[in-house]
Amino acid sequence: MPFTAMRRAVTESVSGLPRAFWWLWTSTLVNRLGAFVATFMALYLTLERGYSASYAGLVAALHGLGGVVSSLGAGVMTDRLGRRPTLLIAQASTALSVALLGFMQHPIAIAGVAFLVGMASNASRPAVQAMMADIVRPEDRVRAFSLNYWAINLGFAVSSAGAGFIASYSYLAGFLIEAVMTMVCAIVVFVKLPESRPVRTALEKAAEPAVGLGTVLRDGRFMGVVGLSFLVALIFQQGSVGLPVAMGEAGFTPADYGLAIAVNGVMIVALQIPVTRFIEHRDPRRLLVVSSLVAGYGFGLTAFAGSVGVFALTVCVWTLAEIVNAPTQTGLVVRLSPTHGRGRYQGMYTLSWSVAALVAPLMSGFIIDRFGAEWLWGACAVIGTGAALGYWGLMRRLPEEDGPQERVAEAPVAEAPVEAVVLSGADPAAPRTDSVAAPRP
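Calculation rules
Residues numbered from 1 in each chain as written. Predicted model: local features only at pLDDT ≥ 70, side-chain atom pairs only at ≥ 80, totals over all residues. Heavy atoms only, no water. Helix = DSSP H or I, 4+ residues; strand = E, 2+ residues; numbered from the N terminus. Buried < 20%, exposed > 50% of the residue type's maximum accessible area, 1.4 Å probe, protein only. Areas by Shrake-Rupley, 256 points an atom, 1.4 Å probe, with all protein chains shown as cover. Phe/Tyr/Trp six-rings, centres within 6.5 Å; stacked < 30°, edge-to-face > 60°. Expected span 1.5 Å × (residues − 1). Salt bridge = Lys/Arg side-chain N within 4 Å of Asp/Glu carboxyl O. Axes fitted to C-alpha atoms, helices over the stretch in contact; angles between N-to-C directions. Parallel < 35°, antiparallel > 145°, perpendicular 65-115°, else oblique. Left-handed = near helix turned anticlockwise from the far one by under 90°. Contact = heavy atoms within 4.5 Å. Core = buried A, V, L, I, M, F, W, Y, C linked by side-chain atoms within 4.5 Å. Patch = residues over 30% accessible without salt bridge, like charges linked within 9 Å, V, L, I, M, F, W, Y side chains within 5 Å. Polar contact = N/O pair within 3.5 Å; in protein donor to acceptor, adjacent residues only side chain to side chain. Nonpolar A, V, L, I, M, F, W, Y, C, P; charged D, E, K, R; others polar.

A description of the overall build of the chain should follow, citing residues and the corresponding values.
A count of helical and extended segments in the chain gives 19 helices and zero strands. By the burial criterion, 51% of the 441 residues in the chain qualify as buried. In the form shown here, the chain has an accessible surface area of approximately 18700 Å², with 70% of it arising from carbon and sulfur atoms.

In structure tokens form, the structure reads like this:
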């Protein structure tokens, strides 16, 4: 009976989604399976090339800066050129730049190409999220984003395990394998994914104002969500930047940190789908408020950790918040975005995570050096509380159902192209139903 119930739950979690979504999901999984460079870049620079830790940190910062720069540009490309061309350009550029990085010898060349890799690899995110919003029905989006997030973490878990083995054989092989797998993603996009950008008639263009970056910046409610997303991202980033430093200063080994943080990936792979089934049709306001609090205080509990087991327990707490927050937040961004401006809106949302990835190491280093790790975890609790209060205040003005902007955008513009995507080879056998089905930046 438990097996039957589990199989039914899995079937319901993945049913009702168009075939185009699954090709996009496959592209995401393959891309993350090959994400070796992010895992062993610091080791490559310090052990293989003999550079200092400071230089390795500079390269990592430039890689992150490239992602910041490309977030908004890729969003504009997604709206102007289309989702499919942007994905093709981003993935092909990532493959070429990663392969080139493996052959660079001079420190300036390595730093410059790392910046290009950061730009190229981050450019696909607005296009992926916009395309997913185009081809999935509104009531299925939280489930779809959750499945995509699950694929990201599954791929990352596998690639992290394989990175060590590949690095022991050849660092260059790791660069080339990632380049090949990223190019495979580009081929999948080219062969299997039709363009999903909704086609607007002349009447619709006249009735709806054009969306530029200025429009996004003037959208106060959405920019409030972006700001709160930055705060939440700042908290979650401490799992990879503040936690290892704090554990190291407390006398724990890298293996101890690896054991504690492994709980994060295992829990996401094991619980993302069942938790999504639980939260899918629940109020996003409460989910975002609760997940922000749990994230902040989950990291806050780290101040009381004195053993690997307790550190792992705190990871369990904030991982539950991550599982709830990620698909809910992405679904809210789509809900607040006009259909013909989804790329720019997704680009601005991606920017919040990219900036957080730059600020978090500076924040954790400064607080730990000046005040101690306990103050960092206390700051996380304060930030989480502030984010929860912000969501509570902001969401009070959010309608219970899809607002006028969503209804106007979805009904006349998005529905027909989605049907076209499904019938153009995406999923002719699967009717569009209302059945229950399932973005780390």
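Right, picking up where we left off after that structure.
Before we move on, could you go through the packing of aromatic side chains and cite the residues and values that matter?
Tallied over the full model, the rule gives twelve aromatic pairs. Arranged with centres 5.4 Å apart and planes meeting at 55°, the rings of Tyr44 and Tyr171 form a pair that is tilted. Residue Tyr44 is located in helix α3 (residues 37-48), and its partner Tyr171 is located in helix α9 (residues 171-192); the two are separated by 127 residues in the primary sequence. On the basis of relative accessibility, which here comes to 2%, the residue Tyr44 falls in the buried class. On the basis of relative accessible area, Tyr171 is assigned to the buried category, the value being 12%. Measuring from centroid to centroid gives 5.2 Å for Phe252 and Phe311, while their planes differ by 85°, and the two rings are edge-to-face.

Residues and numbers for helix α6 (residues 107-122), please.
Here α6 spans 23 Å end to end across 16 residues, near enough to the 22 Å set by a 1.5 Å rise per residue. Among the residues of α6, those classed as buried are Ile110, Ala111, Val113, Ala114, Val117, Gly118, Ala120 and Asn122.

Run through helix α2 (residues 19-33), naming residues and quoting values.
Think of an α-helix as turning once every 3.6 residues; residues three or four places apart then point the same way. An ideal rise of 1.5 Å per residue puts 21 Å on 15 residues; α2 measures up with 21 Å between its terminal C-alpha atoms. What α2 keeps buried is the set Ala20, Phe21, Leu24, Trp25, Ser27, Thr28, Leu29 and Val30.

Before we move on, can you summarise the pattern of salt bridges with the specific residues and values?
One pass over the structure, following the stated rule, counts five salt bridges. Between Arg344 and Asp79 there is a salt bridge whose closest N-O contact spans 3.1 Å. Here Arg344 is found in helix α17 (residues 342-370), whereas its partner Asp79 is found in helix α4 (residues 53-80), with 265 residues between them in sequence. In this structure, Arg344 and Asp79 share a single accessibility class: buried.

Any details on the packing of helix α12 (residues 220-237) against helix α16 (residues 308-335)? Residues and values, ideally.
How two helices pack is summed up by the angle between their axes together with the distance between the axes. Closest axis-to-axis distance for the α12/α16 pair is 12 Å, and the angle between their directions is 160°. The pairing of α12 with α16 is recorded here as roughly antiparallel in orientation. In this structure, the crossing between α12 and α16 has a hand that is left-handed. For the pair α12 and α16, the contacting residues are Phe222, Val225, Ser229, Val232 and Phe236 in the first and Trp318, Ala321, Glu322, Asn325, Gln329, Leu332 and Val333 in the second.

Before we move on, can you summarise the nonpolar core with the specific residues and values?
Among the nonpolar cores identified, the biggest contains 54 residues, and Phe222, Phe236 and Trp377 are the most heavily contacted of them. Elements with a minimum of two residues in this core: α12, α13 (242-249), α14 (254-279), α15 (284-300), α16, α17 and α18 (373-395). Setting aside residues up to four positions removed in sequence, Phe222 forms contacts with Val216, Val333, Leu336, Ser337, Tyr345, Met348 and Tyr349.

Break down the environment of Met363 for me, citing the residues and quoting the values.
Position of Met363 among the secondary structure elements: in helix α17. Relative accessible area serves as the criterion here: at 14%, Met363 is assigned to the buried category. Expressed as a C-alpha distance, the spacing of Met363 and Val241, which sit 122 residues apart in the sequence, is 9.5 Å. Excluding anything up to four places from it in sequence, Met363 contacts Leu234, Gln238, Leu376, Ala379 and Ile383.

Can you tell me about a nonpolar patch on the surface, naming the residues and giving the values?
On the surface, Phe103, Leu172 and Leu176 cluster together into a nonpolar patch covering about 250 Å² of accessible area. The residue Leu172 is located in helix α9 in this model.

If you had to explain the side chain of Ser97 to someone new, which residues and values would you point to?
Among the structural elements, Ser97 can be located in helix α5 (residues 83-103). According to the relative accessible area criterion, Ser97 is buried, its value standing at 10%. Setting aside anything within four residues of it in sequence, one finds Ser97 in contact with Val113, Leu116, Val117 and Ala120.

Summarise the environment of Arg84; cite the residues concerned and give the values.
Here Arg84 shows up in helix α5. Engagement of the side chain of Arg84 in a polar contact is seen with the backbone oxygen of Phe190, the distance being 2.5 Å.

Quick one: what's the story with the side chain of Thr330, residue by residue and with numbers?
Secondary-structure assignment places Thr330 in helix α16. The class of Thr330 is buried, set by a relative accessible area of 0%. A polar atom in the side chain of Thr330 sits 2.9 Å from the backbone oxygen of Ala326.

Before we move on, could you go through the packing of α2 against α9 and cite the residues and values that matter?
For the pair α2 and α9, interaxial distance at closest approach is 8 Å and the crossing angle is 170°. Taken together, α2 and α9 sit at an angle that is classed as roughly antiparallel. Contact with α2, carried on its side by Trp23, Ser27, Val30, Asn31 and Leu33, involves Met181, Thr182, Val184, Cys185, Val188, Val189 and Lys192 of α9 and no other residues of that element. Taken together, the residues of the contact of α2 with α9 sort by class into eight nonpolar, three polar and one charged.

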